[in-house]
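Chain and residue survey
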Amino acid sequence: MLCPSSCPPGLLALMAPGLALMATFSLPSQAGDRRTLPVEKPSGVKGRTLILLDVNTKSPVRIISENFLSLQLDPSIIHDGWLDFLSSRRLVTLARGLAPAFLRFAGKRTDFLQFHNVKNPAKSRGGPGPDYYLKNYEDARSLDKLYNFADCSGLHLIFALNALRRNPNNSWNSSNALSLLKYSASKKYNISWELGNEPNNYRNLIGRSVNGSQLGKDYIQLRSLLQLIRTYSKANLYGPNIGRPRKNVIALLEGFMKVAGSTVDAVTWQHYYIDGRVSKVTDFLKTRLLDTLSDQIRKIQKVVNTYTPGKKIWLEGIGATSSGGMNNLSDSYAAGFLWLNTLGLLASQGIDVVVRHSFLDHGHNHLVDQNFNPLPDYWLSLLYKRLIGPKVLAIHMAGLQRKHRPGRVIRDKLRIYAHCTSYHNHNYVRGSITLYIINLHRSRKKIKLAGTLRDKIVHQYLLQPYGKDGLHSKSVQLNGQPLAMVDDGTLPELKPRPLRAGRTLVIPPLTMSFYVVKNVNALACRYR
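Only a predicted model underlies this, so the values are computations on that prediction, with no experimental measurement involved.

A separate point is the overall build of the protein chain. Along the backbone of the protein chain there are 13 helices and 24 strands. A burial count over the protein chain gives 59% of its 528 residues as buried. Summed over all atoms, the accessible surface of the protein chain reaches about 21700 Å², with 49% contributed by carbon and sulfur.

Here's what the structure looks like:
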C-alpha cells in the first residue's frame, strides 16, 4: 500500500507497552524519598513565594506504556465523508508526529457499522443504495484506507467491532464480525480488537440492555474467534469501554470482570469532564474540574484489582465533553490545562494508556481542525511526545512565603509533574529529567531547583497563546515563536530556550511549560 510520503516498513508493528518510567510530580506527602529540602530565604525575595523543587532520581514510582498518549478516530468520519482525506500527506505528517501510539477506531457509531466486503458498494447489485452504505457500512475499501493511514503514520490500529448485532437470546451475533476478521486477515493487517462502545448506554440507543455477565460471554466468544484465525490468534483484546463509573456502570463492570476479566489484555473506560456545564473559558481553570478524574480512577482500580490484580487499565475516549466539545472553548489554548493535567494525573496513578478523542472531525474536542490545521492541544501533545518518557518520578516541594508553609491553593493551582526524558529524543542524554508545569495562578511563580537538580543547565519549552484572543486562541507560541507547519510534510523544529545553570525558573501566569534538566545522570532514567 502506498503512503502520501515515504513510510518505513513495519511502522505499524504492535507497539508493546514500554518499560520506561514517566515521573509525576508528587507533593511532599506522596510516596518516595522524603528528604527535607533546605529552606533558606534567598536574597532578593521579599514576601514572594519561592518554591523549592527536587525529584527522587533513584527509582521510578510508575512505569507506563510507550504508547501512553494515543489517539482515537470516530466512525463518524465514514458518515461525514472524511475517510478519503486520510490519504492527505498533511494528516499523515501530523499523526506521525505523535507516534508511537495506538489509533482506536471507535465511537458512538461503532455499534451501528456493519462490514460489507465489496470494494465499491455503490456498484454492488441489489440491496440498499450507496447513500445507505456511506452512512452505515464499513466496506473493504474503507478498512483499507483506515489501515493504510495508521500504517503510514506509525500507529497501531485498534478496531472496535459492532456489539449490537444480537441473537434472539441476546447473545452476540458474530457473523458480520467474522467477515471483517477474515478480510483483514487475508490482507495480513496487524490489528488489535475491541467489542462495542459504552455498553452501559445500549438501552438508550436501542431500548435493549446488555448486562456485564453477557458482555463478558461475548468477549470470550470474540477471543475464541480470534484464536481460530491464525493472523489474530495472539492479537490483543481490550474492553469493555464503559462510561463514567456510576453505580449501574460499576455493577456492569463487576459482572464483566467476573466472567471475562482474564480474557482482555487491558480494562478500558471513558471519561468526559463536562456535560454542557462549561460556558466560559475560565471554567477550564477551576481546580475542582481538573480533580474530578481522581475519584473515577479509584473506583475503576478498586473493581479491577478485586478480580484481576495488576491488570492494566486504559482510559479511552477522553475529552472535554461527550457531545463533541464547544467551539472556541474545548479547542482553545485554555482547554490545554485540562488535557495536560489529565496526562500527568493518569501517569501518576499508573493508568497505562490514555486515548484522546478525537484526532480529527468530532465536534471541537479534536487535535486537528477541519482545515487540517493543528490546534493548541496538538502542539501540547507533540511536546509531550518529544520530551516525556514512560518513567514516572516522585517530586518534593517546599515553599517559602509569609505564612509558615505554602497553602493548599498554591499547590492546587501550580501543578508539577516529572518524568525521565524520552529516550527517543536524541538531543538529551539518558539520565535527563523533564518537568512539566501548569500555572493556573494569575501571577507568575518562581521555582528553585534543589537537591539533585541544583546547578544543572535547563532547557525551557514555554507554551503560550498566540494572538489577541488570549486563552481563547487557537494558535500557540513556543518560547515566543508561533508554531505552524513548515509545509504539508514537515513539522516545525521545537527549539528550546537554554537557561543558565542555577537560574530560578519563572513560570508566567496561566501557562503550560516543559523544562528539561540536562545531565542529571538520574539512576532511574539511565536504562530503559
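Now that the structure has been shown, we can carry on.
Below, the discussion takes up the confidence of the model for the protein chain. Residues of the protein chain with pLDDT of at least 70 account for 82%, and the chain-wide mean is 85. Taken as a whole, residues 6–47 scores under 50 in pLDDT and shows 134 contacts with residues more than four places along the chain or in a different chain. Predicted confidence for residues 121–135 stays below pLDDT 50, and this span has twelve contacts to residues more than four positions away or in other chains.

Here we take up the packing of aromatic side chains. Under the counting rule described, the total for this entry stands at 19 aromatic pairs. Centroid distance Phe-102 to Tyr-238: 6.4 Å. Interplanar angle 65°. Geometry classified as edge-to-face. Note that Phe-102 is positioned in strand S4 (residues 101–105) and Tyr-238 in strand S9 (residues 237–242), a separation of 136 residues in sequence. For Phe-102, a relative accessible area of 1% puts it in the buried group. Since its relative accessible area comes to 3%, Tyr-238 is described here as buried. Note on Tyr-219 and Phe-256: the rings are 5.1 Å apart at their centroids and 85° apart in plane angle, and the pair reads as edge-to-face. Linking Tyr-219 in helix H7 (residues 212–228) with Phe-256 in helix H8 (residues 247–260), this pair joins segments that are 37 residues apart in sequence. Grouped by ring-pair contacts, the aromatic residues Phe-68, Tyr-384, Tyr-417, Tyr-436 and Phe-514 constitute a single cluster. In this structure, Arg-356 is placed above the aromatic ring of Trp-339, and the distance from its NZ or CZ to the ring centre is 4.8 Å.

Glancing now at helix H2 (residues 89–96). In terms of burial, H2 is a largely internal element, six of the eight residues being buried. When H2 is considered as a whole, its buried residues turn out to be Arg-90, Leu-91, Val-92, Thr-93, Leu-94 and Ala-95. On its buried face, H2 sits against helix H4 (140–153), strand S7 (155–161) and helix H12 (376–387). Sitting at the amino-terminal end of H2 is Ser-88, which places a side-chain oxygen 3.2 Å from the backbone nitrogen of Arg-90.

So, on to the state of the cysteines. In the structure shown here, the tally under the stated rule is one disulfide. Here Cys-420 pairs with Cys-525 through a disulfide, and the sulfurs are 2.0 Å apart. On the sign convention where negative is left-handed, the bridge of Cys-420 and Cys-525, at about -75° about the S-S bond, is left-handed. Pair noted here: Cys-420 is in strand S16 (residues 414–421) and Cys-525 is in the segment after strand S24 (511–517), with a separation of 105 residues, a long-range link. The pair Cys-420 / Cys-525 is uniform in exposure class, with both members buried.

With that out of the way, let us pick up the nonpolar core. Considering soluble globular proteins, one finds that nonpolar side chains tend to be buried as a cluster. Residues Leu-73, Trp-193, Tyr-232, Phe-359 and Phe-514 are the most contacted members of the largest nonpolar core, which totals 125 residues. Counting residues per element, this core draws most heavily on helix H11 (residues 335–348), which supplies nine residues. Not counting residues within four places of it along the chain, the set of residues in contact with Trp-193 comprises Ile-158, Phe-159, Leu-161, Leu-180, Leu-181, Ser-184, Leu-226, Tyr-232, Ala-235, Asn-236, Leu-237 and Tyr-238.

What follows is about the pairing of strand S17 (residues 433–439). Of all seven residues in S17, seven are buried; the element is thus mostly enclosed. The alternating pattern of S17 places Ile-433, Leu-435, Ile-437 and Asn-439 on one face and Thr-434, Tyr-436 and Ile-438 on the opposite face, and all of these are buried. Pairing of S16 with S17, which is carried by seven bridges, proceeds in the antiparallel orientation. In the strand pairing of S17, Ile-416 is matched with Ile-437. In terms of strand pairing, S17 meets S24 through seven bridges, oriented antiparallel. Along S24, the bridge assignment pairs Ile-433 with Val-517.

Here the focus is the packing of helix H10 (residues 292–307) against H11. Where H10 meets H11, the closest approach of the two axes is 11 Å, and the angle between their N-to-C directions is 30°. In terms of axis orientation, H10 runs roughly parallel to H11. In the crossing of H10 with H11, the sense of the turn from one axis to the other is right-handed. Between H10 and H11, the contacting residues are Leu-293, Ser-294 and Ile-297 on the first element and Thr-342, Leu-345 and Leu-346 on the second. A class-by-class count of the residues in the contact of H10 with H11 yields four nonpolar, two polar and no charged.

Basis of the calculations
- Residues numbered from 1 in each chain as written.
- Predicted model: local features only at pLDDT ≥ 70, side-chain atom pairs only at ≥ 80, totals over all residues.
- Heavy atoms only, no water.
- Helix = DSSP H or I, 4+ residues; strand = E, 2+ residues; numbered from the N terminus.
- Buried < 20%, exposed > 50% of the residue type's maximum accessible area, 1.4 Å probe, protein only.
- Areas by Shrake-Rupley, 256 points an atom, 1.4 Å probe, with all protein chains shown as cover.
- pLDDT = per-residue confidence, 0-100.
- Contact = heavy atoms within 4.5 Å.
- Phe/Tyr/Trp six-rings, centres within 6.5 Å; stacked < 30°, edge-to-face > 60°.
- Lys NZ or Arg CZ within 6 Å of the ring centre and 35° of its normal.
- Polar contact = N/O pair within 3.5 Å; in protein donor to acceptor, adjacent residues only side chain to side chain.
- Disulfide = S-S within 2.5 Å.
- Core = buried A, V, L, I, M, F, W, Y, C linked by side-chain atoms within 4.5 Å.
- Pairing = 2+ DSSP bridges.
- Axes fitted to C-alpha atoms, helices over the stretch in contact; angles between N-to-C directions.
- Parallel < 35°, antiparallel > 145°, perpendicular 65-115°, else oblique.
- Left-handed = near helix turned anticlockwise from the far one by under 90°.
- Nonpolar A, V, L, I, M, F, W, Y, C, P; charged D, E, K, R; others polar.

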